[in-house]
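Analysis of the macromolecular model
Below, each chain spelled out in residue letters.
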Amino acid sequence: MRNERYDFLHLPEEFHKQHKTCEFLLYQIEDFILKDEYKKLRTQTIDLESELDLSDGENILNYLSRKGKSKEHNEIVTSHVINALIADICQFLQIALFSSLQERLTVTFSLIRKPFVYDLIIILRLYLTEDFLEKFNTEDYFDTAKLSKEELIELINASENMLFTKSIKASDVYDFIFEYSNSDSLINMSNKALHPSTTRNENNKTEIQNINFVFSTKENHKSQWDYIYRRLPFLLLYLNEILECVIFNHLEIDDEIYIARLTCKLPLKTNCLKV
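All of the points below concern the structure found in this document. (Residues numbered from 1 in each chain as written. Predicted model: local features only at pLDDT ≥ 70, side-chain atom pairs only at ≥ 80, totals over all residues. Heavy atoms only, no water.)

Focus: the packing of aromatic side chains
For the record, the criterion: Working definition: rings of Phe, Tyr and Trp (its six-membered ring) pair if their centres are within 6.5 Å, and the pair is stacked with planes under 30 degrees apart, edge-to-face with planes over 60 apart, and tilted otherwise. Runs of E in the DSSP output that reach at least two residues are strands. Runs of H or I that reach at least four are helices, and both are numbered from the N terminus. Only protein chains enter the area calculation, which uses a 1.4 Å probe; residues under 20% of their type maximum are buried, those over 50% are exposed, and those in between are partly exposed.
Taken as a whole and judged by the stated rule, the model has ten aromatic pairs. Arranged with centres 6.1 Å apart and planes meeting at 70 degrees, the rings of Y38 and F248 form a pair that is edge-to-face. Placement of Y38 in the loop between α1 (16-34) and α2 (60-66) and of F248 in helix α9 (residues 218-251) is noted, with a sequence separation of 210 residues between them. Judged by relative accessible area, F248 falls into the buried class, the value being 11%. Between F176 and F234 the ring centres are 5.3 Å apart and the planes differ by 75 degrees, which places this aromatic pair in the edge-to-face class. Highlighted residues: F176 in helix α7 (residues 170-177) and F234 in helix α9, separated in sequence by 58 residues.

This is the structure we're talking about:
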């Protein structure tokens, strides 16, 4: 059982409950790389023929490809990709939440960008598209997170069928993360955190005598916290349910474990959807 955080440092009291919700949902994601129930993401066992003709120094993945064992090969690759992406997501979001407590909100906005703007796309493509693994395994210059706007909308729309919480809508997910015409989409807000000056998009254009978030005041920080704790619980719940669908299907885990996770999260559902 993880220790509950009681030291909220500089975070105003009005955001404490939402912060704890974010931590809980992140712990749920972290479970996938820590708990024994999901250890097949980290370690795989394959039955090989008795006379193994593995060449000296040959990688096991190359051996499986040479032997035409594409199913076993792709299961290993899929497991390692999922596990690595979850670890990456957790590392970025753990520090993002701690930076929020420290009132280092430029850092927070910068760090929450990668899990949702990039890692999420790879997870969805891995699960929902037929050609992802083929391109990932064979193409030197394959960009795992690059899609056109139309392709991205189609991917996010398809993800809606993966969700238990039916009040989470694909259109909201896309608007909150990717929509350039929304000044407060995550991609615009994180651009303002990362870039001293943003001039290409009218919806996040830098004002005269400003350097985006660099000159943030206490009042600005209050507004930024409000944004973070309205949107982040929703996005974490969405990501959590996407990962549950992907992992429980990939590893063929017992339904009882899924029900236990679901029961644990149920009290959070309503609060997380106040966006």
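Let's talk about unusual backbone geometry
Of note in the backbone geometry, L9 takes a positive phi value of approximately 50 degrees without being a glycine. Residue classification places L9 among the partly exposed residues on the basis of a relative accessible area of 42%. One non-glycine residue, E252, lies in positive phi territory at about 55 degrees. Looking at the secondary structure, you find E252 in the loop between α9 and α10 (255-265). For E252, a relative accessible area of 69% corresponds to the exposed category.

With respect to the side chain of S79
How we decide: Any pair of N or O atoms that falls within 3.5 Å is considered a polar contact. Within protein, one atom must be able to donate a hydrogen and the other to accept it, and sequence-neighbouring residues count only if both atoms are side-chain atoms. Any two residues whose heavy atoms approach within 4.5 Å at even a single point are treated as in contact.
Within the secondary structure, S79 is located in helix α3 (residues 70-101). A polar atom in the side chain of S79 sits 3.0 Å from the backbone oxygen of E75. Ignoring anything within four residues of it in the chain, the contact list for S79 reads K40, L41, Q44 and H250.

Side note on the nonpolar core
Rules: Throughout, nonpolar core names a set of buried Ala, Val, Leu, Ile, Met, Phe, Trp, Tyr and Cys residues whose side chains join them through atoms within 4.5 Å.
Within the largest apolar cluster, 75 residues are counted, with the highest numbers of intra-cluster contacts made by I86, F116, I156, I177, Y238 and I247. Elements with a contribution of two residues or more to this core: α1, α3, α4 (105-128), α5 (132-138), α6 (149-159), α7, α8 (186-194) and α9. The biggest single contributor to this core is α9, with 18 residues.

Comments concerning the state of the cysteines
The criterion, for reference: Pairs of cysteine sulfur atoms within 2.5 Å are identified as disulfides in what follows.
Enumeration according to the criterion identifies zero disulfides in this entry. Left without a disulfide partner, C90 is nearest to the cysteine sulfur of C22, which lies 13 Å away.

Here's the deal with the packing of α3 against α9
Quick note on the threshold: Angles run from 0 to 180 degrees between N-to-C directions of axes, and those axes are lines fitted to C-alpha atoms, restricted for helices to the stretch in contact. For this classification, under 35 degrees means roughly parallel, over 145 means roughly antiparallel, 65 to 115 means roughly perpendicular, and everything else is oblique. In this scheme the handedness of a crossing depends on how the near helix is turned from the far one: anticlockwise by less than a right angle means left-handed, clockwise means right-handed. Lys, Arg, Asp and Glu make up the charged group, whereas Ala, Val, Leu, Ile, Met, Phe, Trp, Tyr, Cys and Pro make up the nonpolar group; the residues left over, Gly among them, are polar.
Remark: α3 packs on α9, axes separated minimally by 12 Å, with the N-to-C direction vectors making an angle of 160 degrees. Classified by the angle between their axes, α3 and α9 sit roughly antiparallel to one another. Handedness of the α3/α9 crossing: left-handed. Between α3 and α9, the residues in contact are E75, T78, S79, I82, I86, I89, L93, L97 and S100 and W225, Y229, L232, L236, L239, L243, V246, I247 and H250, respectively. The residue inventory of the contact of α3 with α9, partitioned by class, reads 13 nonpolar, four polar and one charged.

As for the side chain of N240
Positionally, N240 belongs in helix α9. Polar contacts involving the side chain of N240 include one to the side chain of R261, which spans 2.8 Å. Apart from residues no more than four positions distant in its own chain, N240 is found in contact with L25, Q28, I29, R261 and K265.

Regarding the pattern of salt bridges
Applicable threshold: Any carboxyl oxygen of Asp or Glu within 4 Å of a side-chain nitrogen of Lys or Arg constitutes a salt bridge here.
Tallied over the full model, the rule gives ten salt bridges. Here K222 ties to E14 by a salt bridge, and the two come within 3.2 Å at their closest N and O atoms. Of the two residues, K222 sits in helix α9 while E14 sits in the segment before α1, which places them 208 residues apart along the sequence. You can call K222 partly exposed: its relative accessible area is 35%.

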